[in-house]
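# Notes for the structure review
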Amino acid sequence: MLVVDASAFASWAFPDEGGDKVSQALIRVMTQEESATSASIFPLEALHAAGKALARGRFTPSAHQHVLRLLSRLPVSLAPTRVSPLEFWNWAQSLQLTPCDASYLKVAIDLKAPLVTMDRGLRRACLQLDHPVITDLA
C-alpha cells in the first residue's frame, strides 16, 4: 500500500518532470502491482495542476487530455480525513505544512504506508516524523 499525493502524480504525468523512484511507484500502482490511496483532495489538486500547466502553455490541449485520462485510470482510492479542524490545523502548523499537504501525510500515517511525493515540505515532515517516504528529492 502506498499513499500518493498530487505532486507525485504531476511528476509522473507531466512530460517535463519526473523522477525514477516516483515514476516506478506510480507505474506499480497503474499496473496494480501495488495498491494506493490518497487524501480526498487528490483528484482536485491533480486537476488544478494540469489546468495550470495548460493555461501556462506547458501542455498542448492533447497532452492535457492525456494527463486527464491517466488521472481517471489511476487506481487510487480516496480516504476521508477524520479529525477535528482545530486539531488538524495545529498538527499541520507544527509540521509547517499547509492543511492540504498535511492531509496526504495524515492518510499515510493512519495507514502506516509510505508517502509518494515530490513536495519538499512533505519530504521534510516525513523525515522529521521518521515516516517512510518515496521521493526523488535529495
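It should be emphasised that the depicted structure is a prediction, and the values quoted were computed from it without experimental measurement.

Definitions and limits used
- Residues numbered from 1 in each chain as written.
- Predicted model: local features only at pLDDT ≥ 70, side-chain atom pairs only at ≥ 80, totals over all residues.
- Heavy atoms only, no water.
- Helix = DSSP H or I, 4+ residues; strand = E, 2+ residues; numbered from the N terminus.
- Rg over C-alpha atoms; globule rule 2.2 N^0.38 Å.
- Buried < 20%, exposed > 50% of the residue type's maximum accessible area, 1.4 Å probe, protein only.
- Contact = heavy atoms within 4.5 Å.
- Areas by Shrake-Rupley, 256 points an atom, 1.4 Å probe, with all protein chains shown as cover.
- Core = buried A, V, L, I, M, F, W, Y, C linked by side-chain atoms within 4.5 Å.
- Phe/Tyr/Trp six-rings, centres within 6.5 Å; stacked < 30°, edge-to-face > 60°.
- Pairing = 2+ DSSP bridges.
- Axes fitted to C-alpha atoms, helices over the stretch in contact; angles between N-to-C directions.
- Salt bridge = Lys/Arg side-chain N within 4 Å of Asp/Glu carboxyl O.

### What to know about the overall build of the protein
Secondary structure summary: the protein contains seven helices and five strands in total. Ordering the α and β elements of the protein from the N terminus gives β-α-α-β-α-α-β-α-α-β-α-β. Scaling as 2.2 N^0.38, a compact globule of 138 residues should have a C-alpha radius of gyration of about 14 Å, and the protein matches this with 14 Å. Based on the C-alpha atoms only, the size of the protein along its principal axes is roughly 40 × 30 × 30 Å. Residues classed as buried in the protein amount to 42% of the 138 residues present. Nonlocal contacts in the protein, meaning residues at least 24 apart in sequence, comprise 63% of its contacts between residues at least 6 apart. Carbon and sulfur atoms provide 55% of the accessible area of the protein, an area that totals close to 7300 Å².

### Some words on the nonpolar core
Among the nonpolar cores identified, the biggest contains 43 residues, and F9, F42, L74, L105 and L115 are the most heavily contacted of them. With near-sequence residues (within four places) excluded, L105 lies in contact with W91, L95, L97, L115, L122, A125, C126, L129 and H131.

### A few points about the packing of aromatic side chains
Per the stated rule, a full pass over the model turns up four aromatic pairs. Ring plane angle 65 degrees and centroid distance 6.1 Å describe the contact between F9 and W12, whose orientation is recorded as edge-to-face. You can see F9 and its partner W12 sitting in helix α1 (residues 6-13), three residues apart, about one turn around the helix. Neither residue differs from the other here; F9 and W12 are each classed as buried. One aromatic cluster is present, built from ring pairs that chain together F9, W12 and F42.

### Re the sheet that holds strand β1 (residues 2-4)
With respect to topology, five strands assemble into an open sheet ordered β3-β2-β1-β4-β5, the strand pairing being parallel. In the strand order of this sheet, the two ends are held by β3 (76-79) and β5 (133-134), each with one partner. Where strand β4 (residues 115-116) and β5 come together, two bridges link them in parallel fashion. Note on β5: the bridge partner recorded for V116 is I134. Each of β1, β2 (36-39), β3 and β4 touches helix α6 (residues 99-111); the most contacted strand, β2, lies at about 135 degrees to it.

### A few points about the pattern of salt bridges
Where charged atoms of side chains with opposite charge meet at close range, the side chains can pair. A complete count under the given rule lists two salt bridges for this structure. A salt bridge links R28 to E34; its shortest N-O distance comes to 3.3 Å. The class for R28 is partly exposed, based on a relative accessible area of 27%. One salt bridge in this structure joins K106 and D110, with 2.9 Å as the shortest N-O distance. One end of the pair, K106, and the other, D110, are both in helix α6, four residues apart, so they sit about a helical turn from each other.

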